[in-house]
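Here are the chains, one letter per residue:
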Amino acid sequence: MKITILTLFPEMFTPLFGSVIGRAVNAGKLNIEIVNIRDYAENKHAKCDDYPFGGGAGMVMMPQPIGAAIKAADPEHRAHRIYLSPKGKTFTQDKAFGLLQSEHLLLLCGHYEGVDQRVIDLYIDEEISIGDYVLTGGELPAMVVCDCVARYVDGVISGGSLAEETFGENGLEYPQYTRPSVYEGVAVPEVLLSGNHADIDKWRREQSAKLTAQRRPDLKGGNK
Ligand code: 4FD
């Protein structure tokens, strides 16, 4: 899979390459391309924002640099093009799974008060929001989408972890423990040390169901 990210702040994406995702990129499992929109501005000072027509606070990102950057990155519109915005449809784990069907994702990050509406109307396939809050730019949302989708790409993380986790069919995940078996006087639940895998599975399913019913009755598995 290829993910192209269009932004005015390419340096914001450096941490993305530091961890699990960086390793996947280096192993050739995933191709992440960061494009600086400013490189496509055709005016003398590479200006990319301007005052809103009709007045009002803030600045709006100009259509020309974004349009040129999109056309260069995806000349034949093969990519699924996403604009990160508080007005978008809310991102979920299911949504991330669906996005995996695309060979190429293009993520457009807006800044200021957003981008000229004509860019969205002409070039964007889908608007996505990562939640009901406003940020200074679409970069963090783009990283969230990128990370969440990338985890599902073959070989990015080890097999078992994907199947058992929260937001699958199973509701919220059961609590995890590691050594030592007693920490600050608090012992690990005995069943986990029993070596009886049927009992352990049963305990984990119960914990999972209890937690989901308490905290997230809206989720699947909330009353299992
Ligand atoms: N909730 C999100 C996305 C972007 C963003 C922006 C219009 C502001 C939050 C378009 C206004 C983009 C989100 C940039 N804040 N800020 O996913």
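To be clear, the structure that these remarks concern was listed above.
So, here is what we can say about the structure in this document. (Residues numbered from 1 in each chain as written. Predicted model: local features only at pLDDT ≥ 70, side-chain atom pairs only at ≥ 80, totals over all residues. Heavy atoms only, no water.)

### A short note on the pattern of salt bridges
Then, number 1: The tally for this structure, following the rule as stated, stands at eight salt bridges.
Then, number 2: Glu-33 is paired through a salt bridge with Lys-2; the nearest N and O atoms lie 3.5 Å apart. Highlighted residues: Glu-33 in strand S2 (residues 31-36) and Lys-2 in strand S1 (residues 2-7), separated in sequence by 31 residues.
Then, number 3: Assessed through its relative accessible area of 26%, Glu-33 is described here as partly exposed.
Then, number 4: Judged by relative accessible area, Lys-2 falls into the partly exposed class, the value being 26%.
Then, number 5: For Lys-95, the salt bridge goes to Glu-126, with nearest N and O atoms at 2.5 Å. Here Lys-95 is found in helix H3 (residues 93-99), whereas its partner Glu-126 is found in strand S7 (residues 126-129), with 31 residues between them in sequence.
Then, number 6: Glu-126 gets classed as buried once you look at its relative accessible area, which sits at 17%. (Salt bridge = Lys/Arg side-chain N within 4 Å of Asp/Glu carboxyl O. Helix = DSSP H or I, 4+ residues; strand = E, 2+ residues; numbered from the N terminus. Buried < 20%, exposed > 50% of the residue type's maximum accessible area, 1.4 Å probe, protein only.)

### Some remarks on the nonpolar core
Then, number 1: Of all hydrophobic cores here, the largest spans 29 residues; its most connected members are Ile-5, Leu-30, Phe-91, Leu-99, Leu-107 and Val-145.
Then, number 2: For this core, the secondary-structure elements that each account for two or more residues are S1, helix H1 (20-26), strand S5 (80-90), H3, strand S6 (104-109) and helix H5 (139-150).
Then, number 3: Of the residues forming this core, the biggest block, seven residues, is contributed by H5.
Then, number 4: By size, the runner-up hydrophobic cluster in this structure holds 21 residues, among which are Leu-8, Tyr-83, Val-115 and Val-119. (Core = buried A, V, L, I, M, F, W, Y, C linked by side-chain atoms within 4.5 Å.)

### A look at unusual backbone geometry
Then, number 1: For the bond running from Arg-179 to Pro-180, omega is 5°, close enough to zero to count as cis.
Then, number 2: When you line up the elements, Pro-180 lands in the loop between helix H6 (159-164) and strand S8 (182-183).
Then, number 3: In this model, Ala-46 sits at a positive phi of 55°, which is unusual for a non-glycine residue.
Then, number 4: Among the secondary structure elements, Ala-46 is positioned in the loop between S2 and strand S3 (49-50).
Then, number 5: In this model, Glu-184 sits at a positive phi of 50°, which is unusual for a non-glycine residue.
Then, number 6: For Glu-184, the location among the structural elements is in the loop between S8 and strand S9 (186-187).

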